[in-house]
Amino acid sequence: MEEQEIIAGLKARNRKTVEYLYAKYSRALFAVITRIISDRDLAEEVFHDAFIKITGKIDSYDESKGRLYTWMANICRNAAIDKTRSKEFSEKHKTNSIDDFVYGLESQSGTVEAVDGIGVRELMGSLNDEYKFIVDCVYFKGYTHTEISEEFNIPLGTVKSRIRAAINALKKKVDRI
């Protein structure tokens, strides 16, 4: 099925399309979640909720902002990060490093082309260590700016400045691509 057919089928609430979507993308999307949440049972719960959200909110998908897989991966990633920020999730459940996330997706889910296609590896590799650390903590480990400041003894203003500078550096790299 082509991406346009999948989108149309989901918008029409076609059961076969949902089954196809699950068969084609569930491993890759589950891998996005398990990079953030290592507890398999909890990851399955988050995946279930995220998949329902994907199928239920397909009308909010905007093709002009990116591919369907990227939109779905962001929903899964955000659901996992939200779970890590919940009260039931303790500090010991913090996630793996950015390298584990990027390379783990590739090896465990067969999404080599998706990860390479968006250039995560190259973009993150272009950042200096301070920026890479902050981006890793915020976007892949689910830390808040305050948590980074307190846990790693970095002034809050510095954390915010570094994340802003890192985002600007990444934007410049993306604009050149």
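Just so you know, these numbers come straight off a predicted model, no measurement behind them.

Cut-off values and rules
Residues numbered from 1 in each chain as written. Predicted model: local features only at pLDDT ≥ 70, side-chain atom pairs only at ≥ 80, totals over all residues. Heavy atoms only, no water. Helix = DSSP H or I, 4+ residues; strand = E, 2+ residues; numbered from the N terminus. Areas by Shrake-Rupley, 256 points an atom, 1.4 Å probe, with all protein chains shown as cover. Buried < 20%, exposed > 50% of the residue type's maximum accessible area, 1.4 Å probe, protein only. Contact = heavy atoms within 4.5 Å. Salt bridge = Lys/Arg side-chain N within 4 Å of Asp/Glu carboxyl O. Core = buried A, V, L, I, M, F, W, Y, C linked by side-chain atoms within 4.5 Å. Polar contact = N/O pair within 3.5 Å; in protein donor to acceptor, adjacent residues only side chain to side chain. Expected span 1.5 Å × (residues − 1). Phe/Tyr/Trp six-rings, centres within 6.5 Å; stacked < 30°, edge-to-face > 60°.

Caption draft 1: Focus on the overall build of the protein. For the protein, the helix and strand inventory stands at ten helices and zero strands. Listed N to C, the secondary structure of the protein is α-α-α-α-α-α-α-α-α-α in terms of helices and strands. Total accessible area on the protein is roughly 10300 Å²; 49% of this is exposed by carbon and sulfur atoms.

Caption draft 2: Structural view of the environment of isoleucine 154. The residue isoleucine 154 is located in the loop between helix H9 (145-152) and helix H10 (156-176) in this model. Isoleucine 154 sits in the buried class, given a relative accessible area of 12%. Setting aside its immediate chain neighbours within four residues, isoleucine 154 contacts Phe133, Ile134, Ile148, Ser149, Val159 and Arg162.

Caption draft 3: Fine view of the pattern of salt bridges. For the coordinates displayed, the defined rule picks out six salt bridges. In this structure, arginine 13 engages aspartate 59 in a salt bridge whose closest nitrogen and oxygen atoms are separated by 4.0 Å. On the criterion of sequence distance, the pair formed by arginine 13 in the loop between helix H1 (3-11) and helix H2 (15-34) and aspartate 59 in the loop between helix H3 (40-56) and helix H4 (68-84) is long-range, its members being 46 residues apart. With a relative accessible area of 47%, arginine 13 lands in the partly exposed category. In this structure, the salt-bridge partner of arginine 162 is glutamate 130, at a minimum N-O distance of 3.4 Å. Of this pair, arginine 162 sits in helix H10 while glutamate 130 sits in helix H8 (residues 129-140); the two residues are 32 residues apart in sequence, bridging distant segments of the chain.

Caption draft 4: Structural view of the nonpolar core. Counting residues in hydrophobic clusters, the biggest one holds 30 residues, and the most contacted among them are Leu21, Leu29 and Leu68. Those elements that place two or more of their residues in this core are H1, H2, H3 and H4. If near-sequence neighbours (up to four positions away) are discounted, leucine 21 is found in contact with Ile6, Leu10, Ser26, Phe51, Ile54, Thr55, Leu68 and Met72.

Caption draft 5: Broad picture of the side chain of serine 149. Mapping serine 149 onto the fold places it in helix H9. Within the local environment of serine 149, its side chain forms a polar contact with the backbone nitrogen of leucine 156, the two atoms lying 3.3 Å apart. Apart from the residues lying within four places of it in its own chain, the contact partners of serine 149 are Ile154, Pro155, Leu156 and Val159.

Caption draft 6: Up close: H3. For H3, with 17 residues, the first-to-last C-alpha span of 24 Å sits near the 24 Å given by 1.5 Å per residue. Regarding H3, the residues found buried are Leu42, Ala43, Val46, Phe47, Ala50, Phe51, Ile54 and Thr55. The elements touched by buried residues of H3 are H1, H2 and H4.

Caption draft 7: Broad picture of the packing of aromatic side chains. A full pass over the atoms with the stated rule returns eight aromatic pairs. A centroid spacing of 6.0 Å and a plane angle of 55° characterise the contact between tyrosine 22 and phenylalanine 47, whose relative ring orientation is tilted. Separated by 25 residues along the polypeptide, tyrosine 22 in helix H2 and phenylalanine 47 in helix H3 bring together distant segments of the chain. Looking at tyrosine 22, the relative accessible area reads 43%, which means it is partly exposed. According to the relative accessible area criterion, phenylalanine 47 is buried, its value standing at 8%. Taken together, a centroid distance of 5.8 Å and an interplanar angle of 40° make the contact between phenylalanine 47 and phenylalanine 51 tilted. Separated by four residues within a single helix, phenylalanine 47 and phenylalanine 51 lie in helix H3, roughly one turn from each other. Joined through ring pairs, the aromatic side chains of Tyr22, Phe30, Phe47 and Phe51 make up one cluster.

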